[in-house]
Structure formats: C-alpha cells, structure tokens
Amino acid sequence: MEMHELLGAPTVALEDMLAEREARAATQQRLLAAGGQGLVCLSMNIAGPVKDFSLLRQGFQEGCRLTETALQQASIDFCLMEERQGKCGPCAFYRVDGELKAVKAALCTVEETPHLGRLLDLDVLTPDGSKLSRQELDRPPRRCLICNGDAAVCGRSRRHSVEELQRETLRRLRTYFGEKWADEVASCCARAMLYEVAVTPKPGLVDRWNSGAHHDMDFFTFIDSTAALTPWFRRFYLLGFHEADLTDDALFDKARKLGCQAEEAMFAATSGINTHKGLIFSLGLLCTVAGRLCRRNPPTGYVPSTLVRLLLKEASALATCSLPLLEQGNTHGSEVCKRYGARGIRQEAADGFPSVVRWVLPKLHLKEGTLEERGKQALLELFASVEDTNVLHRGGPAVLTSLSQRAKSLLAGKAPVSDAALTDFDDDLIQGNISPGGCADLLAVGYFLLFFEKL
C-alpha cells in the first residue's frame, strides 16, 4: 500500500497531542453542561505523528454520516454541537437525548463497519463525564488493526510498528472507499442503461412503446440485460482499483477478458440476443478507469467537472490500446469501419468520447425539461453528427446521410422536437430496418457521465 499519502503531511509533536487531549476534554465538559442526556465524541484512531491528510478527512466525513444514520435508525434524537478540524485530527461532538446504552449499542455497530469502523472512535459520555464501555453491553474489546488481538494489549506492548499501523490504516481507508464507490459506479451504469432504453419515442430503437427496427428484443430484454450486467460493471471498477499500477496495455488486456465474460452473462440473460455489447466496451472501459482514479483519490476528493475530465482522459489512453483489435476484428462494426473509414466506438473512446462531450452532455446539463426530454434532443444531435456504424451496416452511406439531414431538419426549429415528429421518424426507420444503435450507446455514456459527476 502506498505511503505517499502521508508524505508532506504535517506531523504533530507529543506536546501538541497532549494539549489537544486537554482541549477536547474541556470541550466535552462545556458541551455536557449545555444540556442533553449525553454526548457522543467521534474521532479518528490514527497511529503515528501524522493526524491530518486527505483520505483521513474523507474517512472522518464518512464516519459522521454513518454515525448520524445509526442514531436516526435507532430513533435517537441528536444534534451536532461542534466539529473541530485541528492538526491533531478531526473530531465531532453530538448531543444525544435517549437511553445511553441504546446509543452505545447503535454506535458499536458503526465501529464494526468493515474496513472503516476500526478507524473510528465513538465515545459515549454520561452527564457526569464518564464513558460507557463496550463491556457494559457485553461487547468484546476492540481488535488490533494488524493481528486482530486485543487492541489495548497490543497498544500497551507496542507490538506493531508505527509504519505497520500506518500502512494498515491506509489499506483500510482505500479498501472501504474502493468497495463503496464500486457499488455507486455500477449503479450509475444501471441507471444510464435504463434511462437510455426508457427514453421514448426513440426513432428506430427499442423504447417503452415498441422495439424499433429490431425483431428479436424489446424493452424487457434490455431490463434483463441491465440486471445481468450491473455486477460486471462493479468488477470492471474493482479491476481498475486493485490493478491501478498496471500499464495501460496490461490493464486493458485484463479488462478485455473481463468484457468477454460480461458478454457471456448478457447472452445468458437474453437468450443469445446482443443488447449491450457496445456498452460493455464503453461502460466497462469507463468503470475500469474510474476504479484506477478512485484508487488515487475517492470521487469526493475531486471537483465534479475535473473528475469527468480526468475520467475521459484516462479512458482515452486505455481505449487506444484497443485500436489494433479493430484491424483484426470480424464484427459488423469493425468491417464497417474498414470498409467506409468510419470512426467506430473504439476510435470514439480513444479520442475521449468527443461526441458525448460535444452533443450529449450540454443537452443533459440543461435546466429545462426532464432528463428524458433532454435525452431525446441529445439523441437527435447524435443522429445529425455521428457516423453510426449500425446505420452504415444496415443501410450504407446514403441512408446515414439521410438520417443526419432529417435530424438536422428537426433540430432547426426553435422549440424542442415533438413526440409526434419523433414517432413519424420512428415509423420510417422501422420500415427501412434502420437502427442507430451506436448513437443510443453514446446517449447511455452521456447519462453515465452525468450521474458519475454527481457522486
């Protein structure tokens, strides 16, 4: 586990730690005198002279969230009285009104949260300033970070070095946030895929009203596929998180193999129908890169716009590793790219998804209309601008040009394009057996980026 997180961070002298301990005790007495049935003091259990660094502060904020959630779920009234962010580490003080053994029991569950809980100290103080112990609730003593023995015994005997404890602290923080954000990122993928298929009407594409120019799939096929693929996007994320130090080529090779397994899961869920093969590539790539980024710094450590920009930059580098496969491939997409010189999804990703950045995200970021309505407009922008390899495969360049011109004509009006106009467009594409599936995938990527930047 990297120790660079601690390099350059301020260290705290012993006298400062002792002074901070006295200051906290005085704060506790002052807040207890202000009323309430008890006081909860939350602080971080961090070994060594470094008590303040970015990942620790994020762990503390997560500890506050877990504490407040646990008190709410136990129906205990509480109020955050004070929060300190000193060089000896952050701490928070909550006034609680309730039976204090119930408070302690609720907070013991927080201290037992996998990975993070052992780094949280949650003291429950009675009005006279004494602490409730875990033993009073017949709870076992807290365990050592390293050997899982009695933490107090290991501490007194100095059984483990400060560096060992620091490494384990960083490992636990990174593992906790890695797994937490894996779930969040996979959820973003599921939402994006469901939003895309739910946008209605979508000319030539599967939506809530019909199957577009497809005869082997419908809205529910996409739901089945999304449910089957969501766990795999979590695995893509964890691949990037745990293998962040691999070269781009090595990481892409692992992601490609994972993508083949995800495709098998999709086909098993859809009885052999290809609903999301393109998105397995695009979203799998973005999830892998998201894991690599979050290994360095959890999403909360980034400004949203910066996070998306970094994500696309990293995705571009990783996707570049896929370009040689385009020449070797025998899929419809690769054959179309070679025949017509079209960019295709691999080149789109290698360039940092410029079509999504230019046409989709600006529409989705608008304040007017629902996300579905904005999605319809974004899709038309893609129709007007993108060389969709699905359209080229089914209809050739002339049909692609016709599709683009019609979309531009619809967009030329000042008002948003009506559902009636989109339905007419849909009817014509269905009759011509034309499905702009590549544009649908790019719309889903846009929804993913929108949800991801709000994590």
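Now for a quick tour of the structure. (Residues numbered from 1 in each chain as written. Predicted model: local features only at pLDDT ≥ 70, side-chain atom pairs only at ≥ 80, totals over all residues. Heavy atoms only, no water.)

## Structural notes on the overall build of the chain
So, point 1. Looking only at helices and strands, the chain features 17 helices and four strands.
So, point 2. Its C-alpha atoms put the chain at 80 × 45 × 40 Å along the principal axes.
So, point 3. A total of 455 residues make up the chain; the buried ones form 52% of that total.
So, point 4. Restricting to contacts in the chain with at least 6 residues of sequence separation, those with at least 24 account for 72%. (Helix = DSSP H or I, 4+ residues; strand = E, 2+ residues; numbered from the N terminus. Buried < 20%, exposed > 50% of the residue type's maximum accessible area, 1.4 Å probe, protein only. Contact = heavy atoms within 4.5 Å.)

## Concerning the packing of aromatic side chains
So, point 1. On inspection of all chains with the given rule, the structure shows ten aromatic pairs.
So, point 2. With centroids separated by 5.0 Å and ring planes inclined at 70°, the aromatic side chains of Y195 and F451 adopt a geometry described as edge-to-face. On the criterion of sequence distance, the pair formed by Y195 in helix α5 (residues 162–198) and F451 in helix α17 (residues 437–452) is long-range, its members being 256 residues apart.
So, point 3. Of the residues examined, Y195 reaches a relative accessible area of 30% and is grouped as partly exposed.
So, point 4. With a centroid separation of 6.1 Å and an interplanar angle of 15°, the aromatic rings of Y447 and F451 are classed as stacked. Remark: F451 and Y447 occur in helix α17; sequence separation between them is four residues, near one turn of the helix.
So, point 5. Put simply, the rings of Y195, Y447 and F451 pair up and form one aromatic cluster.
So, point 6. The ring of W232 carries R235 above its face, with NZ or CZ at 4.0 Å from the centroid.
So, point 7. Cation over ring: R346 sits above F281, and NZ or CZ is 5.2 Å from the ring centre. (Phe/Tyr/Trp six-rings, centres within 6.5 Å; stacked < 30°, edge-to-face > 60°. Lys NZ or Arg CZ within 6 Å of the ring centre and 35° of its normal.)

## Overview of the sheet that holds strand β3 (residues 89–97)
So, point 1. Across the sheet, which stays open at both edges, the four strands sit in the order β2-β3-β1-β4 with antiparallel pairing between neighbours. Of all the strands in the sheet, the pair left with one neighbour each is β2 (77–86) and β4 (120–125). Going from strand to strand, the sheet's axes swing by 20° on average, the running direction of each strand aside.
So, point 2. Relative to β3, strand β1 (residues 38–44) runs antiparallel, the two being bridged by six bridges. Note that in β3 the partner of S43 across the bridge is C91.
So, point 3. Contacts from helix α2 (residues 54–73) reach β1, β2, β3 and β4 within the one sheet, and its direction differs from that of β3 by about 10°.
So, point 4. Helix α3 (residues 100–111) contacts β1, β3 and β4 of the sheet and is inclined by roughly 180° relative to β4. (Pairing = 2+ DSSP bridges. Axes fitted to C-alpha atoms, helices over the stretch in contact; angles between N-to-C directions.)

## Regarding the side chain of S316
So, point 1. Counting through the fold element by element, S316 comes out in helix α9 (residues 304–320).
So, point 2. Look past the residues within four positions of S316 in its chain and what remains in contact with it is A349, A350, D351 and G352.

## Regarding the pairing of β1
So, point 1. Buried residues dominate β1, accounting for seven of its seven residues.
So, point 2. Here β1 shows a buried face lined by G38, V40, L42 and M44 and a second buried face lined by L39, C41 and S43.
So, point 3. With six bridges joining them, β1 and β4 adopt antiparallel strand pairing. For M44, the partnering residue across the bridge sits in β4 and is L120.

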